[in-house]
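Descriptive structure summary
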Amino acid sequence: MKTKYICEKCGAEYDTAESANKCEAVHGEIIEAHVMPGAVYEQSRITPNAVCVKFRNKDGFEAAAEYKFVKYKDKDFEAVKRESEE
Ligand SMILES: [Zn+2]
């Protein structure tokens, strides 16, 4: 049996722990998330249409992105995680 090391963020498989750790280090963690006030909110809706998110990876690189509304999900993130693993 061959041991595989898996990046816990993207799921890529590697032959060495070092390679998997390098892959994980590239992916960022959320350090800020903002909803810019204004038109992103429609009347009478709880969720905005866009959220701006800033990420930082283990090497200290930062990147920001704007995420657009796609669909409603279960409020229970554990349920969402289980669903995405299926
Ligand atoms: Zn990865």
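Before reading on, note that the structure itself is shown above.
Here goes a summary of the coordinates provided. (Residues numbered from 1 in each chain as written. Predicted model: local features only at pLDDT ≥ 70, side-chain atom pairs only at ≥ 80, totals over all residues.)

Let us look at the overall build of the protein. Each helix and strand in the protein was counted, giving 2 helices and 5 strands. Counting from the amino terminus, helix and strand elements in the protein follow one another as β-β-α-β-β-β-α. Taking 86 residues into account, the globule formula puts the C-alpha radius of gyration at 12 Å, and the protein, at 17 Å, lies well above it. Over its C-alpha atoms, taken along the principal directions, the protein stretches across nearly 55 × 30 × 15 Å. Counting the 86 residues in the protein, one finds 0% classified as buried. (Helix = DSSP H or I, 4+ residues; strand = E, 2+ residues; numbered from the N terminus. Rg over C-alpha atoms; globule rule 2.2 N^0.38 Å. Buried ≥ 20, exposed ≤ 12 C-beta atoms within 10 Å, placed from the backbone.)

Among the 6 residues in strand 3 (residues 29-34), 0 count as buried, and that is only a small part of the element. Of the strand pairs in this sheet, strand 3 and strand 4 (residues 50-56) are connected by 5 bridges, and their pairing is antiparallel. From the neighbouring strand, Ala-33 faces strand 4, where its bridge partner is Val-53. (Pairing = 2+ DSSP bridges.)

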